[in-house]
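Listed here are the chains, written in short residue letters.
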Amino acid sequence: RSKKGKISWKIPAEDYKPTNDEDNISWIWNKCIKDCLTKLEVWKDDNIQYCRGTYSKVHFIDDIQNRKIEINFIEL
């Protein structure tokens with residue numbers, strides 16, 4: 001999230017233990033990315049005929065500048 005145009009992020013404590021499920025974190029990104037790819041006409045639509053699934057994995061980072069989303073396509 002951002003505050004006044006700057007990313008708001010704090011480094012977690014050493015003993016921090018996440019409580020979110022992976023799918024609770026990733027579903028919004030999956031939805032947004034697939035909708036954008038449809039809008040950019042990378043594929044016809046993101047319905048089940050053209051996009052049959054996603055796989056996601058969370059990697060923890062030490063610095064917010066190292067964040068990224070990596071996308072790989074596998075042709076069916």
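1. Describing the overall build of the chain
Next, step 1: Scanning the chain for helices and strands turns up one helix and two strands.
Next, step 2: For the chain, the sequential pattern of α-helices and β-strands runs β-β-α.
Next, step 3: For a compact globule of 76 residues, the expected C-alpha radius of gyration is about 11 Å, and the chain comes in at 16 Å, more than 25% above that figure.
Next, step 4: Referenced to the eigenvectors of the C-alpha coordinate spread, the extents of the chain come out at roughly 45 × 30 × 20 Å.
Next, step 5: Within the chain, the fraction of its 76 residues that count as buried is 7%.
Next, step 6: Residue pairs at least 24 apart in sequence account for 52% of intrachain contacts in the chain once pairs closer than 6 positions are excluded.
Next, step 7: Of the roughly 7,800 Å² that the chain leaves accessible, carbon and sulfur atoms contribute 52%.
Next, step 8: Charged side chains of the chain number 14 positive and 13 negative; the gap between the two group centres comes to 7 Å.

2. Section: the side chain of Ser-26
Next, step 1: Of note, Ser-26 is situated in helix H1 (residues 22-39).
Next, step 2: Side chain to side chain, Ser-26 and Ser-56 meet in a polar contact 3.4 Å long.

3. Quick word on the pattern of salt bridges
Next, step 1: Using the criterion set out here, one finds two salt bridges in the structure.
Next, step 2: Lys-31 is the salt-bridge partner of Asp-35, the closest N and O atoms lying 3.0 Å from each other. Separated by four residues within a single helix, Asp-35 and Lys-31 lie in helix H1, roughly one turn from each other.
Next, step 3: Residue Lys-31 is classed as partly exposed on the basis of its relative accessible area of 43%.
Next, step 4: A salt bridge links Glu-70 to Lys-68; its shortest N-O distance comes to 3.6 Å.
Next, step 5: Exposure remark for Glu-70: the relative accessible area of 57% places this residue in the exposed category.

4. What about H1?
Side chains three or four residues apart in an α-helix point the same way, a direct result of the helix having 3.6 residues per turn.
Next, step 1: Over its 18 residues, H1 runs 26 Å from end to end, which matches the ideal 26 Å to within 8%, given 1.5 Å per residue.
Next, step 2: Following H1 by one or two positions, Glu-41 adopts a phi angle in the positive range, close to 60°.

Cut-offs and rules
Residues numbered from 1 in each chain as written. Predicted model: local features only at pLDDT ≥ 70, side-chain atom pairs only at ≥ 80, totals over all residues. Heavy atoms only, no water. Helix = DSSP H or I, 4+ residues; strand = E, 2+ residues; numbered from the N terminus. Rg over C-alpha atoms; globule rule 2.2 N^0.38 Å. Buried < 20%, exposed > 50% of the residue type's maximum accessible area, 1.4 Å probe, protein only. Contact = heavy atoms within 4.5 Å. Areas by Shrake-Rupley, 256 points an atom, 1.4 Å probe, with all protein chains shown as cover. Lys, Arg positive; Asp, Glu negative; His and termini not counted. Charge placed at Lys NZ, Arg CZ, Asp CG, Glu CD. Polar contact = N/O pair within 3.5 Å; in protein donor to acceptor, adjacent residues only side chain to side chain. Salt bridge = Lys/Arg side-chain N within 4 Å of Asp/Glu carboxyl O. Expected span 1.5 Å × (residues − 1).

Functional significance is not addressed by these values, which are geometric in nature.
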